[in-house]
Every structure is written in structure tokens, then in C-alpha cells.
Amino acid sequence: MSNANRTSVPAISFEADATLVAELIQDLHNEQTALVSADLDTIEQMVDKRVELLQSLGEAANQRYAALAAAGFEANENGMSKWLELRSSPVMDDAWINFQKQLAQAKELNRLNGVLINKHFQRNQEKLDVLQGNTTNSTQLYGKNGQSRGGNSARASFSV
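Quick caveat, the model's predicted, so the values are computed rather than measured.

Chemist: Would you mind showing me how to read the packing of aromatic side chains here?
Modeler: The description of an aromatic ring pair rests on the distance of the ring centres and on the angle between the ring planes. With the rule as written, the count across this model stands at three aromatic pairs. Summarising the aromatic geometry, the rings of phenylalanine 14 and tryptophan 96 are spaced 4.9 Å apart at their centres and angled 75° between planes, so their arrangement reads as edge-to-face. Here phenylalanine 14, found in the loop between α1 (3-7) and α2 (15-36), pairs with tryptophan 96, found in helix α5 (residues 90-132); they are 82 residues apart in sequence, far enough to count as distant. Accessibility assignment for this pair places phenylalanine 14 and tryptophan 96 in one class, buried.

Chemist: Can you walk me through the side chain of arginine 50 in this structure?
Modeler: Position of arginine 50 among the secondary structure elements: in helix α3 (residues 40-70). Overall, arginine 50 belongs to the buried group, its relative accessible area being 13%. A polar contact of 2.5 Å, which involves the side chain of arginine 50, links it to the side chain of aspartate 27. Not counting chain neighbours up to four residues away, the residues in contact with arginine 50 comprise Leu24, Asp27, Leu28 and Glu31.

Criteria and thresholds
- Residue numbers restart at each chain and count upward from 1, following the sequence in its written direction.
- Whole-chain, interface and lining totals are the exception, using all residues; otherwise, since this is a predicted model, local features are given only for residues with pLDDT of at least 70 and side-chain atom pairs are given and counted only at 80 or more.
- Heavy atoms throughout the structure, all of them, feed into the side-chain values; hydrogens and water do not.
- Classification of ring pairs rests on two measures: the distance between centres of Phe, Tyr or Trp rings, Trp counted by its six-membered ring, which must be within 6.5 Å, and the angle between planes, read as stacked under 30 degrees, edge-to-face over 60 and tilted in between.
- Starting at the N terminus, helices and strands are each numbered in turn, a helix being any DSSP run of H or I of at least four residues and a strand any DSSP run of E of at least two.
- Accessibility here uses a 1.4 Å probe with only protein chains present; expressed as a share of the type maximum, an area under 20% marks a residue as buried, one over 50% as exposed, and anything in between as partly exposed.
- For the purposes of these results, a polar contact is taken to be a pair of N or O atoms within 3.5 Å, where, inside protein, one atom must be able to donate a hydrogen and its partner to accept one; residues adjacent in sequence count only when each atom of the pair is a side-chain atom.
- It only takes one pair of heavy atoms within 4.5 Å for two residues to be counted as in contact.

Take a look at the structure:
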């Protein structure tokens, strides 16, 4: 791009994205707290808010991409990187780096919350299997003496 074109590059911002990602991080922390304490009521209440938040994030990214495309850049993160090269300043570079760190933090929190959800699911499935009599040798049950035994054991130990 020539110097004349550099001055015509529209103001492209990721401030809305950064604000929404910060809100998402807080929401993911709240979800993690609710998952650890198995507070299903709170988790259910969070679902609608999460959907709205993710939609807002998508809209903010789409607006940024549209502005990039209008300025002649690719409508993606590569285009954003090229745009930032033209607008390079310590403040803008730091803001972008912090935004990228926030995204990485949100992804990691989401991954961890997924692990917690999976653990809850597995625990509930094991309980259902025991209640339905669908236990396998890998499901451990404990006898009266505290010793573990396979859930499918035909022998029952009764004390008289």
C-alpha cells in the first residue's frame, strides 16, 4: 500500500471483542465454580446468557472482519495482523497481544469446564448403571467389610 492509502485505512477496533471476551472469561469462571460445587440450578441459568454472549462475540468479530474487508484486507485474523502492521504502535500492539492472551485463557477455561462436565457425566452414568444393574467388572462396589469387589459379582457377602 502506498502512503496515501495508509491514511485511508478505516479505524478498525477489537475493543468490543476484548470487552466481550473479558465477560466470557468471568462467565467461564462462574461456570467452573458452579461445576465444582455441582450447582446445577446456576449452570442452567447461565446457558441463555452464554448463548447471547457468544452471539455478541460473533457479531463483533464479523463487524471487525467486514471493516477489514472494506479496507482491502482479508476478512480474518491474517488480515487483522496485516492491518496491525500498518497501525503498529506500542499501545495497539499491546492491546492485540492482551486480546490474544484473553482468547487463549477463555479457550483453556472452556476446556477445563468441559473436563469437569465430563467427570459429572461419567459419575452420573456410573450411578445410573448401578441402579439399573448394568454394572461391569470395571465398576467397583464395596462390600460390608470395605473391600472392593466387581459390580457384576454373583457372590453377595452377607453377615449373619
